[in-house]
Amino acid sequence: ASLVAVDADEPYLGGLSFHATPPSKRFCDISQLSGGERSLASLSLLFALHDAHRAPVLLLDEVDANLDATNVHQLATFAATRADTQIVAVTHKEALYVEAALLVGVTKDLPKASSAIFTLDLAHRFHTALNLSGDAPPRRQDLDKDDDDAHMPDAGAE
């Protein structure tokens, strides 16, 4: 991938041109890539910039919308390695939110004609349910599915 100033004489005024080369494709402008390829190229740029200049929080708003299941899983796995950064991801894809430590949901409260917000602390639930010690809670995929129902308190019980 490459990032080039459109106007080298006035780089702050001319903008940037972003080119990427996905596997088995030719070098091209990002506008010529598919939605999933654009998403992956953009995420690559975002995380490369983040490596150069760390931020404590990243807000990712439906960045996985154009990704297939394999790439969503790879994004979730990669995001989980960023222990020094809090990542807030807005998503509708299960492959991403099952890796989360905390879920925040918004739903309609029809009688009040407003929105209701609910949270689910997955890290605390898994840590408590399995009676573990240590800093790192297990990831959801590491838990046996049969044990989930037997040991997890009802979500409405809080």
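Now for a quick tour of the structure. (Residues numbered from 1 in each chain as written. Predicted model: local features only at pLDDT ≥ 70, side-chain atom pairs only at ≥ 80, totals over all residues. Heavy atoms only, no water.)

Section: helix 3 (residues 69–80)
The end-to-end C-alpha separation of helix 3 is 17 Å, in line with the 16 Å expected for 12 residues at 1.5 Å each. Burial in helix 3 covers these residues: Asn-71, Val-72, Leu-75, Ala-76 and Ala-79. Along the axis of helix 3, the buried residues cluster in a sector spanning 145 degrees; they form a single face. Exposed positions of helix 3 whose direction lies more than 90 degrees from the buried face are Ala-69 and Thr-70. If you follow the buried residues of helix 3, they end up packed against helix 2 (35–52), strand 5 (86–90) and helix 4 (94–97). (Helix = DSSP H or I, 4+ residues; strand = E, 2+ residues; numbered from the N terminus. Expected span 1.5 Å × (residues − 1). Buried < 20%, exposed > 50% of the residue type's maximum accessible area, 1.4 Å probe, protein only. Arc of directions from axis to C-beta. Contact = heavy atoms within 4.5 Å.)

Points about the sheet that holds strand 2 (residues 16–20)
With respect to topology, three strands assemble into an open sheet ordered 1-2-3, the strand pairing being antiparallel. Of all strands in the sheet, those bounded by a partner on one side alone are strand 1 (2–5) and strand 3 (28–29). Where strand 1 and strand 2 come together, four bridges link them in antiparallel fashion. The residue of strand 2 that forms the bridge with Leu-3 is Phe-18. (Pairing = 2+ DSSP bridges.)

Observations regarding the environment of Ser-34
Relative to the helices and strands, Ser-34 resides in the loop between strand 3 and helix 2. Take Ser-34: its relative accessible area is 38%, and that puts it in the partly exposed class. Sequence separation of Ser-34 and Asn-66 is 32 residues, and the distance between their C-alpha atoms is 8.8 Å.

As for unusual backbone geometry
Of note, the phi angle at Glu-62 is positive, near 50 degrees, even though the residue is not glycine. Mapped onto the fold, Glu-62 is located in the loop between strand 4 (57–61) and helix 3. Even without a glycine there, the phi angle at Ala-113 is positive, about 50 degrees.

What about the pairing of strand 5?
Taken together, the five bridges between strand 4 and strand 5 define a ladder with parallel strand orientation. Paired with Val-57 across the two strands is Gln-86, which belongs to strand 5. On the question of chirality, the crossover connecting strand 4 to the parallel strand 5 by way of helix 3 is right-handed. (Right-handed = clockwise from strand over helix to strand, strands pointing away.)

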